[in-house]
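Here's the letter readout for the chains.
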Amino acid sequence: MKILITGGAGFIGSALIRYIIKNTEATVLNIDALTYAGNLDSLKEIDSSDRYSFQKINICEMNLLKQAIFSFEPDIIIHLAAESHVDRSIDGPGQFIQTNIVGTYNVLQISKEYWLQLTDSKQKKFRFHHVSTDEVYGDLENSGLLFTENTPYAPSSPYSASKASSDHLVRAWGRTYKLPVIVTNCSNNYGSFQFPEKLIPHVILNAISEKPLPIYGDGCQIRDWLHVDDHAEALYLVATQGRAGETYNIGGHNEKKNIEVVHFICSELEKIAPQFKINIKNFTDLITFVKDRPGHDVRYAIDASKIDKELGWRPKETFETGMAKTVHWYLDSSWWYQKILDGTYRMERIGGSK
Ligand code: NAD
């Protein structure tokens, strides 16, 4: 089986490619523009496999994309390439509109052209799997409700609005052109190889340098957390066994307040890395509350029962096991993150859960 993955040098895309190469016989072509968030070091474990190849392509460039799709002849396309950080979308929404909306249109349109010239049996088996977020559903506040696959869309940020737009395009290409599409909407991911601007790596790396741990507002925003390797397994399962035309919500059954996440990381570091404390008594002394993000949603929570019932998927990691592994990984992986920290991104803007 041939699987073409867009955005495979990012956090989730690289986890998905590592999962496929290590656990299946499939051949993967990774298409990625290598923006600030793309990092081929995340694929070192598998990049010598003869079932893996990479092409540096921006999904906004129609011609290169078309060449890559038509010459690779994929059975499945899994589309993850996107701008993904909410804070950056507030500072500069233009790139989010280009990549997440126009780029998704390009990938869809070329996939449709490619799919139309396949034989009947190949057309039936083909899947276009679009990877999206629970943020498209908007804010649950403190309602106690969960997002289901039928929850109406109500995105709050430029990021989530651009992802919602791309979800709508994908479903329209499914309904109008009969392209066999699937959409997954997933909660917050965490794990190894996550770019250090996101909450969990940012807190770990700041804590071991005794830098402030910035928390937006009162830190009571609730997110559902899923280990990225569980997400990768779910994505492969949905892409290969999910029903065309369907949406599957993917979640970790781990609702936590941001402040609880930060306290958990601090307590893990107290156990395994107390040597990093030189000027402070406890890692929690570094917690600093900062002005809340504009439009910040209070709570996201996923009902992931459909993927469990239909495909038998449930996450393997609990929040505690997955977080402990993640903290350990960052402590052992300066080879991966130091080059990024030595670069240009702005530490002071960082602290959101996505
Ligand atoms: P990421 O920012 O780590 O990676 C995005 C990748 O896409 C990078 O490798 C980047 O180089 C590439 N890319 C960006 N613009 C591109 C373009 N124009 N052409 C080609 N490649 C381009 O993001 P992530 O966290 O791995 O998220 C992957 C996907 O999953 C996104 O679509 C995101 O919306 C979705 N998602 C993320 C989360 C999460 O918690 N991180 C949760 C649910 C869904």
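Notes on the structure in this doc start here. (Residues numbered from 1 in each chain as written. Predicted model: local features only at pLDDT ≥ 70, side-chain atom pairs only at ≥ 80, totals over all residues. Heavy atoms only, no water.)

## Description of the overall build of the chain
Let me state the cut-off plainly: Helix numbering and strand numbering both begin at the N terminus, where a helix is a DSSP run of H or I of at least 4 residues and a strand a DSSP run of E of at least 2. Radius of gyration means the value over C-alpha atoms here, while the globule rule gives 2.2 Å times the residue count to the 0.38 power. Classification of residues uses two cut-offs on accessible area relative to the type maximum, computed with a 1.4 Å probe and protein chains only: under 20% is buried, over 50% is exposed, and between them is partly exposed. The Shrake-Rupley method, run with a 1.4 Å probe sphere, supplies the accessible areas, and residue values consider only the shown protein chains as cover. Positive residues here are Lys and Arg, negative ones are Asp and Glu, while His and the chain termini are left out of the count. Throughout, a charge is located at the NZ atom of Lys, the CZ atom of Arg, the CG atom of Asp or the CD atom of Glu.
Looking only at helices and strands, the chain features twelve helices and twelve strands. Taking 354 residues into account, the globule formula puts the C-alpha radius of gyration at 20 Å, and the chain, at 20 Å, falls close to it. Viewed in the frame of its principal axes, the chain has a C-alpha envelope of about 65 × 45 × 40 Å. Taking all 354 residues of the chain together, the buried fraction comes to 57%. A total accessible area of about 14,600 Å² is found for the chain, and carbon and sulfur atoms account for 51% of it. Side chains of the chain give 38 positive and 43 negative charges; the mean places of these two sets differ by 4 Å.

## Here we look at the sheet that holds strand β10 (residues 247-250)
The criterion, for reference: Strand pairing requires that DSSP identify at least two bridges connecting the strands. Structural elements are reduced to axes, namely lines fitted to C-alpha atoms, with helices fitted over the stretch in contact, and the angle between N-to-C directions of any two is expressed from 0 to 180 degrees.
Read from one edge of the open sheet, seven strands run β3-β2-β1-β4-β5-β6-β10, paired in parallel fashion. Both outer strands of the open sheet, β3 (52-56) and β10, are each paired with one neighbouring strand and no more. Averaged over all pairs of adjacent strands, the angle between strand axes in this sheet comes to 20 degrees, irrespective of strand direction.

## Quick word on the packing of aromatic side chains
Cut-off, in case you're wondering: Here a Phe, Tyr or Trp ring, Trp counted by its six-membered ring, pairs with any other such ring whose centre lies within 6.5 Å, and the pair is stacked when the planes are under 30 degrees apart, edge-to-face when over 60, and tilted otherwise. A ring is considered to have a charge above it if a Lys NZ or an Arg CZ atom is located within 6 Å of its centre and within 35 degrees of its normal.
All chains considered together, the criterion is met by 18 aromatic pairs. Relative to Tyr159, the ring of Phe96 has its centre 6.4 Å away and its plane inclined at 85 degrees; by these criteria the two rings are edge-to-face. Linking Phe96 in helix α4 (residues 94-116) with Tyr159 in helix α6 (residues 158-177), this pair joins segments that are 63 residues apart in sequence. Of the two residues, Phe96 and Tyr159, neither departs from the other in class, the shared state being buried. Pairwise contacts between aromatic rings join Phe193, Trp329, Tyr330, Trp335 and Trp336 into one cluster. The positively charged end of Arg88 is found above the aromatic ring belonging to Tyr36, 3.6 Å away from the centroid.

## Thoughts on the pattern of salt bridges
Two side chains of opposite charge can pair, provided their charged atoms sit close to one another. The following threshold applies: By convention in these notes, a salt bridge is any Lys or Arg side-chain nitrogen within 4 Å of a carboxyl oxygen on Asp or Glu.
Considering all chains together, one arrives at 15 salt bridges under this definition. Its salt-bridge partner being Asp41, residue Lys339 comes within 2.6 Å of it at the nearest N-O pair. With Lys339 in helix α12 (residues 334-341) and Asp41 in the loop between β2 (27-32) and β3, the pair connects residues that are 298 residues apart, well separated along the chain. Arg88 is the partner of Glu197 in a salt bridge, and the nearest nitrogen-oxygen pair spans 2.6 Å. Highlighted residues: Glu197 in the loop between β7 (188-190) and α7 (199-207) and Arg88 in helix α3 (residues 86-91), separated in sequence by 109 residues. By relative accessible area, which is 3% here, Glu197 ends up buried. Residue Arg88 is classed as partly exposed on the basis of its relative accessible area of 27%. Through salt bridges that share partners, Arg243, Glu246, Lys306 and Glu310 make up one connected network.

Any functional reading would require information that these geometric values do not contain.
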